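Next come the chains, spelled out residue by residue.
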Amino acid sequence: MEQQAVITIEGLVKVYRGGFSGIPVKALKGISFDIHRGEVFGLLGPNGSGKTTTIKILLGLLFATAGKCTIFGREPSNVEVKKRIGFLPEESYLYRFLNAYETLDFYGALSGMPRKLRRERARKLIDMVGLSEAADRPLKGYSKGMSRRIGLAAALISDPELVILDEPTSGLDPIGNREIKDLILRMKGEGKTVLLCSHLLADVEDVCDRISILSRGELAANGPVSELLSRTDRFELVLESMTDEEIAELRQFVSERQNKKVFGATHPRRKLEDLFLEVVMEREGRGNGKS
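Summarised in this report is the structure supplied together with it.

Procedures and definitions
- Residues numbered from 1 in each chain as written.
- Predicted model: local features only at pLDDT ≥ 70, side-chain atom pairs only at ≥ 80, totals over all residues.
- Heavy atoms only, no water.
- Helix = DSSP H or I, 4+ residues; strand = E, 2+ residues; numbered from the N terminus.
- Buried < 20%, exposed > 50% of the residue type's maximum accessible area, 1.4 Å probe, protein only.
- Contact = heavy atoms within 4.5 Å.
- Areas by Shrake-Rupley, 256 points an atom, 1.4 Å probe, with all protein chains shown as cover.
- Core = buried A, V, L, I, M, F, W, Y, C linked by side-chain atoms within 4.5 Å.
- Pairing = 2+ DSSP bridges.
- Axes fitted to C-alpha atoms, helices over the stretch in contact; angles between N-to-C directions.
- Phe/Tyr/Trp six-rings, centres within 6.5 Å; stacked < 30°, edge-to-face > 60°.

A tally of helices and strands in the protein chain yields 10 helices and 9 strands. Across the 291 residues in the protein chain, those meeting the buried criterion constitute 38%. Long-range contacts, defined here as pairs at least 24 residues apart, represent 67% of the contacts in the protein chain between residues at least 6 apart. As displayed, the protein chain has an accessible area near 17,500 Å², and 51% of this comes from carbon and sulfur atoms.

Let us look at the nonpolar core. With 38 residues, the main nonpolar core has Leu 104, Tyr 142, Ile 150, Leu 165, Ile 184 and Cys 208 as its most contacted residues. Going through the elements one at a time, strand 3 (40–44), helix 3 (100–110), helix 4 (115–128), helix 5 (144–156), strand 6 (162–166), helix 6 (174–189), strand 7 (193–197) and helix 7 (201–207) are the ones with two or more residues in this core. No other element matches the 7 residues that helix 5 contributes to this core. Beyond its immediate chain neighbours, meaning those up to four positions away, Cys 208 contacts Val 40, Phe 41, Gly 42, Leu 196 and Val 225. Within the second largest apolar cluster, 24 residues are counted, among which are Phe 33, Cys 69, Ile 85 and Leu 195.

Turning our eyes to something else, we now look at the pairing of strand 1 (residues 5–16). Two strands pair when backbone bridges link them, and strand 1 and strand 2 (residues 25–36) are joined in this way by 9 bridges, in the antiparallel orientation. Bridge assignment links Val 13 to a residue of strand 2, and that residue is Lys 29.

Where strand 3 lies against strand 8 (residues 210–215), 4 bridges are found, and the strand directions are parallel. Across the sheet, Leu 43 pairs through a bridge with Ser 212, a residue of strand 8. With 6 bridges connecting them, strand 8 and strand 9 (residues 218–224) associate as antiparallel partners. The residue of strand 9 that forms the bridge with Ser 212 is Asn 222.

This part covers the sheet that holds strand 4 (residues 66–71). The strand order across the open sheet built from 3 strands is 2-1-4, with neighbouring strands paired in antiparallel fashion. Each edge of the open sheet carries a strand with a single partner, namely strand 2 and strand 4. Strand-to-strand twist of the sheet, defined as the mean angle between neighbouring strand axes without regard to direction, takes the value 20 degrees. Across the face of the sheet, helix 1 (residues 51–58) comes into contact with strand 1, strand 2 and strand 4 while running at roughly 120 degrees to strand 1.

What follows is about the sheet that holds strand 6. Spatial strand order, 5-6-7-3-8-9: 6 strands in an open sheet with mixed pairing. A single partner strand is all that each edge strand has here, and the edge strands are strand 5 (85–88) and strand 9. Averaged over all pairs of adjacent strands, the angle between their axes in this sheet comes to 15 degrees, without regard to strand direction. Two elements, strand 6 and strand 7, share 5 bridges in a ladder whose sense is parallel. Opposite Val 163, over in strand 7, you have Val 194 as the bridge partner.

Let us now look at the packing of aromatic side chains. Under the definition given, this model contains 3 aromatic pairs. Here the aromatic rings of Tyr 95 and Phe 106 are separated by 5.4 Å at their centres, their planes lie at 80 degrees, and the arrangement is edge-to-face. Residue Tyr 95 is located in the loop between strand 5 and helix 3, and its partner Phe 106 is located in helix 3; the two are separated by 11 residues in the primary sequence. Here the aromatic cluster, defined as three or more aromatic residues joined through ring pairs, consists of Tyr 95, Phe 106 and Tyr 107.

Its place among the elements puts Gly 86 in strand 5. Taking relative accessible area as the criterion, Gly 86 reaches 3% and is therefore assigned buried. Here the alpha-carbon distance between Gly 86 and Ser 158, two residues 72 residues apart in the chain, equals 7.6 Å. If we skip the residues at most four places from it in the chain, Gly 86 touches Ala 155, Pro 160, Leu 162, Val 163 and Ile 164.

Printed below as a string of structure tokens:
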């Protein structure tokens, strides 16, 4: 069964007019990919690779020089399309003297939501992002991590079908980071489509189904995370704990009888994030959302 594309990008080109030098800058050089409904998609690349330009085109803030870009089958500038998108920018622009409830009520009103509905959504989202204890405090007293949380809640206030997240875990401690990744997976479980841009590759690996990697305006890699990271030229076997003697016998068996080169035999490592969460949450209990 063919998956439905929420975002389709075909041969997208963006050329910026030259500045003082007068030399045009080609930010995007004919990139093509699509994003399916209900998946978490990662858009990666170093600074200057074209990620921000791509996001701005998707949001209707820039027009492409050439190529095709559609969201829900329409142009990104379409007003009805914009109503179905939630966006968390890399730097959240928030009113520092409003509290969390007032902030979400404001963004809900901008979306045209009835007062009763936006207040219900605000309460639900504040609890979801772990800010219930700080909901009545002005945002000027929030840490960067807390500001990211309320920014994410603001992006979700209108219950969008497509959520575009630019560095959503920036400024969060490991527990807050894990909670945001869990929230992204929860959005996926609810049928939302998520486009994630992040320099934290471990975050992308944990939550994304597919990725595209941009380099100098070109598509350098594209596909499912599991396929792109798989090493088909090697095979890994995980066993229960073995003695040094047993390991030596196994290495000899593989080398001599199977004629295979053994690259290494050691205990598997878990991620530092997993160890940190295990140690801290065992000692302190669940995170309190005050990152």
